[in-house]
Amino acid sequence: MDWLERVAKLRQWSRGGVRAPHKPLLLLYALGRYQADGGGELVYSAVEGDLRRLLVEYGPPRATTPAYPFHHLVSDGVWEVRTERGLGSPGTGVRELRTGRAAGRLVPELRAAIGREPSLLGRMARLLLDLNFPPSLHQDLCDAVGLELEAVEAGGPAVAGRRQRDRHMRELVLVAYEYQCAFCGYDGLIGTTSVGLEAAHVRWWAFDGPGDIDNGLCLCSLHHKLFDKGVLGIGDGHRILVSQRFVGRSQVAREQVTALAGRTVLGPQPGIRPVAEAHRSWHASQVFHGAPRSAAT
């Protein structure tokens, strides 16, 4: 059975070029949860909020409900739903899914295939991303559903027992910093959803950085990239460091980067721990390039 072909042919409602990524989002979420816990059932009432947030942030602007993909994905042969009555979805009624304790999971044959070939999970996820979303959103989506593609694409284990990212860290960090970039104050929204804001690890996850608030920063996409490239850092007194190696001749580069030198990091809220000194020191020694510029005047 070619599982990649099944993923590529997910039956999606479409009309006049309208996007309908509901099934891909649910399947990505299910793959992330499978990687985290080995394939436990996803009870609709427990995951409804997560799925709704995914649809709001990555779906089309029209209103919808996660009940539709939860039920309709069954028809694609990769997903099954059970209720207290046994195998079979009760339909797209939210009330029925909740009261019937409806729970979904990858079908047994797919779980067995991933067990035999762990890299299949990564290839399926990569295909879903490539077919349904632009590359600029891939890492954000992986973070949102808790997927670690590098490990499974290399043939690593895709079950419990391996260190997993905290799927909720992004939301916790953005709330802690009140949905604004800690460096420049950017706080853009589309409706009520933040856009262009990301949760940055100070000590990188790949190098044992914890998923704790005091290892996180809310940064806009530009400053997150520059922070990870070592152009920006955090010094004593939680003041922003700008590398002397960075060269930007335009007014925009000066305003958005070099003028940050010496400014105090914005946030977090009172009562929430700021970035821990140990994580700041790791970033300064392992990521930040060269010497910092003098404070901007």
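Quick caveat: nothing in here was measured; it's all calculated off a predicted structure.

### Description of a nonpolar patch on the surface
Phase 1 of the analysis: Taken together, the side chains of Tyr-186, Ile-190 and Val-195 define a hydrophobic patch exposed on the protein surface, amounting to about 260 Å² of accessible area.
Phase 2 of the analysis: If you trace the backbone, Ile-190 turns up in strand 5 (residues 189–190).

### Points about the packing of aromatic side chains
Phase 1 of the analysis: Here the structure, examined in full by the defined rule, presents 4 aromatic pairs.
Phase 2 of the analysis: Centroid distance Phe-70 to Trp-79: 5.4 Å. Interplanar angle 85°. Geometry classified as edge-to-face.
Phase 3 of the analysis: Each ring, one from Phe-183 and one from Phe-227, has its centre 5.9 Å from the other, and the planes form 70°; the classification is edge-to-face. You can see Phe-183 sitting in the loop between helix 10 (169–176) and strand 5 and its partner Phe-227 sitting in helix 11 (residues 221–228), a full 44 residues away along the chain.
Phase 4 of the analysis: On the basis of relative accessibility, which here comes to 2%, the residue Phe-183 falls in the buried class.
Phase 5 of the analysis: Grouped by ring-pair contacts, the aromatic residues Tyr-44, Phe-70 and Trp-79 constitute a single cluster.

### Some remarks on the sheet that holds strand 4 (residues 103–106)
Phase 1 of the analysis: Spatial ordering of the open sheet is given by 1-4-2-3, a layout of 4 strands whose pairing is antiparallel. Only two strands of the sheet have a single partner each, and these edge strands are strand 1 (42–43) and strand 3 (86–87).
Phase 2 of the analysis: In this structure, strand 2 (residues 79–83) lies alongside strand 4, joined through 4 bridges in antiparallel fashion. Residue pairing in the sheet places Arg-82 in a bridge with Ala-103 of strand 4.
Phase 3 of the analysis: Helix-sheet contacts for helix 2 (residues 22–37) involve strand 1, strand 2 and strand 4, and the interaxial angle to strand 4 is about 75°.
Phase 4 of the analysis: Packed on one face of the sheet, helix 6 (residues 108–116) meets strand 2 and strand 4 and runs near 40° to strand 4.

Calculation criteria
Residues numbered from 1 in each chain as written. Predicted model: local features only at pLDDT ≥ 70, side-chain atom pairs only at ≥ 80, totals over all residues. Heavy atoms only, no water. Patch = residues over 30% accessible without salt bridge, like charges linked within 9 Å, V, L, I, M, F, W, Y side chains within 5 Å. Areas by Shrake-Rupley, 256 points an atom, 1.4 Å probe, with all protein chains shown as cover. Salt bridge = Lys/Arg side-chain N within 4 Å of Asp/Glu carboxyl O. Helix = DSSP H or I, 4+ residues; strand = E, 2+ residues; numbered from the N terminus. Phe/Tyr/Trp six-rings, centres within 6.5 Å; stacked < 30°, edge-to-face > 60°. Buried < 20%, exposed > 50% of the residue type's maximum accessible area, 1.4 Å probe, protein only. Pairing = 2+ DSSP bridges. Contact = heavy atoms within 4.5 Å. Axes fitted to C-alpha atoms, helices over the stretch in contact; angles between N-to-C directions.

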